[in-house]
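Structure assessment
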Amino acid sequence: QVQLVESGGGLVQPGGSLRLSCGASGSIFSINAMGWYRQAPGKQRELVATIASGGSTNYADSVKARFTISRDNARNTVDLQMNSLKPEDTAVYYCSATLRTSGWLKPYDYWGQGTQVTVSD
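Let us look at the structure shown here. Worth saying up front: this structure is predicted, and the values here are computed from it rather than measured.

What follows concerns unusual backbone geometry. We note that alanine 65 has phi near 75°; this positive angle belongs to a residue other than glycine. Mapped onto the elements, alanine 65 comes out in the loop between strand E6 (57-59) and strand E7 (67-72). In this structure alanine 65 comes out as exposed when scored by relative accessible area, which is 86%. Positive phi outside glycine occurs at asparagine 76, with the angle close to 55°. Relative to the helices and strands, asparagine 76 resides in the loop between E7 and strand E8 (77-82).

Attention shifts here to the packing of aromatic side chains. According to the stated counting rule, one finds one aromatic pair in the structure shown. Geometrically, the ring pair formed by tyrosine 37 and tryptophan 111 is edge-to-face, given 5.0 Å between the ring centres and 65° between the ring planes. Linking tyrosine 37 in strand E4 (residues 30-39) with tryptophan 111 in strand E10 (residues 108-111), this pair joins segments that are 74 residues apart in sequence. Look at tyrosine 37 and you get partly exposed, because its relative accessible area is 21%.

Here we take up the environment of serine 62. Relative to the helices and strands, serine 62 resides in the loop between E6 and E7. What makes serine 62 partly exposed here is its relative accessible area of 40%. A polar contact is formed between the side chain of serine 62 and the side chain of arginine 38, at a distance of 3.4 Å.

Basis of the calculations
- Residues numbered from 1 in each chain as written.
- Predicted model: local features only at pLDDT ≥ 70, side-chain atom pairs only at ≥ 80, totals over all residues.
- Heavy atoms only, no water.
- Helix = DSSP H or I, 4+ residues; strand = E, 2+ residues; numbered from the N terminus.
- Buried < 20%, exposed > 50% of the residue type's maximum accessible area, 1.4 Å probe, protein only.
- Phe/Tyr/Trp six-rings, centres within 6.5 Å; stacked < 30°, edge-to-face > 60°.
- Polar contact = N/O pair within 3.5 Å; in protein donor to acceptor, adjacent residues only side chain to side chain.

Have a look at this one:
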């Protein structure tokens, strides 16, 4: 069993900041990529940012220079620092991890339950 648990969502005014955190626990052999995705009402889930086990990162154009993804491989955690938030950043944010539960199984994608981020006056 693998669990991803997010925390840190909430309500923030435009221009403000939030930090999301996600921890992976359970029967984990190794973790490849970790990332954050989001889904706004009426829209498809979209990539926000990913980070490989070696530290290379990838960001959606809409969040570049505002959001920073980081991870702690020893603790199996991934964080998303969100600055200069805009109303269009409002969405449910999901943590994702591509991981193996044993050395002879291929990696699978696991997802957290999501955390709401609302940017509004």
